[in-house]
Amino acid sequence: MKELNRRQFLKGAGSLLAAGALPVSLVKVALGAGSGVENFTFAHISDSHITVPTKGTSVRNWDRGLIRAIAEANLLTPKPDFIIYGGDLAQLGKKEEIDLALELMSKAESKVYYVMGEHDYYLDLGKYWESKLGPQWYSFDHKGVHFVVLNSILTYDTWTNKKWPSPMDRMLAMARLDNPGGSPFMVGQKQLAWLKKDLQKVSKDTPLIICSHSPLQKIFKGWNFWTEDAELVQNLLTPFNKVTVIYGHVHQIQYNQMGNISFHAVMATAWPWPYPQSYTQQPSYLPELTVQMNRADPFFERDATGWQFINLHTGNVDMHYQLPNNQNRSVVFSAEAGRPVDTVYQPLEKRIPPQIHF
Ligand SMILES: [Fe+2]
Ligand SMILES: [Fe+2]
């Protein structure tokens, strides 16, 4: 294992990354005394949408991507310190779906921290998930970094508790895009109060990593690429020097920088979503920074699915997206630019024009 100082690493990283070979598993970075942050890596797997085929019906099972992601996480050297699972384990929140997903996840050789997704929640309001995995929001510290896991897919009580013909009707109302019967996601007052209190004990120099399911920024309301009270969460994060928000749900690469907060979306193991504007012809607030993925065949369900390895070497996050059937991508924090940057496609002249899917 190589020992490099930070300057050497940053200098060398560009060429290595440009070659598509992020040495996340090979390089140990010595940050020097007093940095407070020890170099480490973790893996992120999200949005597996596991279904269980039932007798007599043909139900697609999305387990292949999840199985592959876990196998790859187990093969990383050195082993990731842990895995974050970004939500939507199940497709319709059923016990048997959660059970099957967790059976597959049990093959992971690292500890897993779980985030709640709307597909896990709206059948029984998270009760079965909670009985298996614990609280819906929590925090922990790891090697000088404070991690916060939020449940960002809650909504208005009036919507949640209205007289649904059945719990499955409520689930289905949240389970698809462009559903007029759905409701915006939010963190909610109770959790915001908890977050405020949780962050009070954290020094402003401690790097923060916030894991949510929906983006803690507003991108496209029709698909719930949106959290209604995102600004209230951002306000609580503003006083900290280094903050990264990592979210699932959107099944596509997105990244942004708002003040001190870096945002990164992660890939799904189940299927990719198109970029909202390319499909709906409606304007969306996809961050300008985001270089859209080249999806050579948007109708091929495995194209641009993936999982990601995250290297944390300065208190900021570098994302490496492993994308079977598509080009791997790396989006790393550029200290010079002060924001995440795609290592290959960020310059305008190198970008592949966004596809139109309608
Ligand atoms: Fe999802
Ligand atoms: Fe979701």
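Just so you know, these numbers come straight off a predicted model, no measurement behind them.

(A) Quick peek at the overall build of the protein. The secondary structure content of the protein amounts to 10 helices and 15 strands. Here the protein, with 358 residues, has 58% of them falling under the buried criterion. In the protein, the proportion of contacts linking residues at least 24 apart, taken out of those at least 6 apart, comes to 69%. Accessible area of the protein: about 15600 Å², with a carbon and sulfur share of 54%.

(B) Here's a closer look at the sheet that holds strand 3 (residues 40-45). Spatially, 5-4-3-12-13-14-15 is the arrangement adopted by the seven strands of the open sheet, whose pairing is mixed. Both edges of this open sheet fall to strand 5 (112-114) and strand 15 (339-342), since each of them pairs with a single strand only. With strand direction ignored, the average angle separating the axes of adjacent strands in the sheet is 20°. Bridge count for strand 3 against strand 4 (residues 83-85) is three bridges, and the pairing is parallel. What sits directly across from Ile45, in strand 4, is Tyr85. Across the face of the sheet, helix 2 (residues 63-75) comes into contact with strand 3, strand 4, strand 12 (307-312) and strand 13 (317-322) while running at roughly 30° to strand 12.

(C) Focus on the coordination of the iron ion (ligand 2). Coordination of the iron ion (ligand 2) by the protein involves Asp88 (OD), Glu118 (OE), Glu118 (OE), His213 (NE2) and His249 (ND1), with metal-donor separations of 2.2 to 2.6 Å. The sequence motif formed by the donor residues of the iron ion (ligand 2) is D-x29-E-x94-H-x35-H. A spacing of 3.4 Å is found between the iron ion (ligand 2) and the iron ion (ligand 1), which share Asp88 as a donor. You can see Glu118 sitting in helix 4 (residues 118-121) and its partner His213 sitting in the loop between strand 8 (208-212) and helix 9 (230-237), a full 95 residues away along the chain. Taken as a pair, Glu118 and His213 share a single burial class, namely buried.

(D) Region of the structure containing the nonpolar core. Counting residues in each nonpolar core, the largest one holds 37 residues, and the members touching the most others are Ile45, Leu66, Tyr85, Leu89, Met105 and Tyr114. Where this core is concerned, the elements lending two or more residues are strand 3, helix 2, strand 4, helix 3 (95-105), strand 5, helix 5 (127-133), helix 7 (167-174) and strand 12. Ranked by the residues each element gives to this core, the list is headed by helix 3, at five residues. Excluding residues within four positions of it along the chain, Tyr85 makes contact with Ile45, Ser46, Asp47, Ser48, Leu66, Met105, Val112, Tyr113, Tyr114 and Val115. Formed by 33 residues, the second largest nonpolar core is a distinct cluster that contains Val145, Ile253, Leu289 and Ala304.

Analysis parameters
- Residues numbered from 1 in each chain as written.
- Chains lettered and ligands numbered in written order.
- Predicted model: local features only at pLDDT ≥ 70, side-chain atom pairs only at ≥ 80, totals over all residues.
- Heavy atoms only, no water.
- Helix = DSSP H or I, 4+ residues; strand = E, 2+ residues; numbered from the N terminus.
- Buried < 20%, exposed > 50% of the residue type's maximum accessible area, 1.4 Å probe, protein only.
- Contact = heavy atoms within 4.5 Å.
- Areas by Shrake-Rupley, 256 points an atom, 1.4 Å probe, with all protein chains shown as cover.
- Pairing = 2+ DSSP bridges.
- Axes fitted to C-alpha atoms, helices over the stretch in contact; angles between N-to-C directions.
- Donors = N, O, S within 2.8 Å, 3.2 Å for Na, K, Ca; no water.
- Core = buried A, V, L, I, M, F, W, Y, C linked by side-chain atoms within 4.5 Å.

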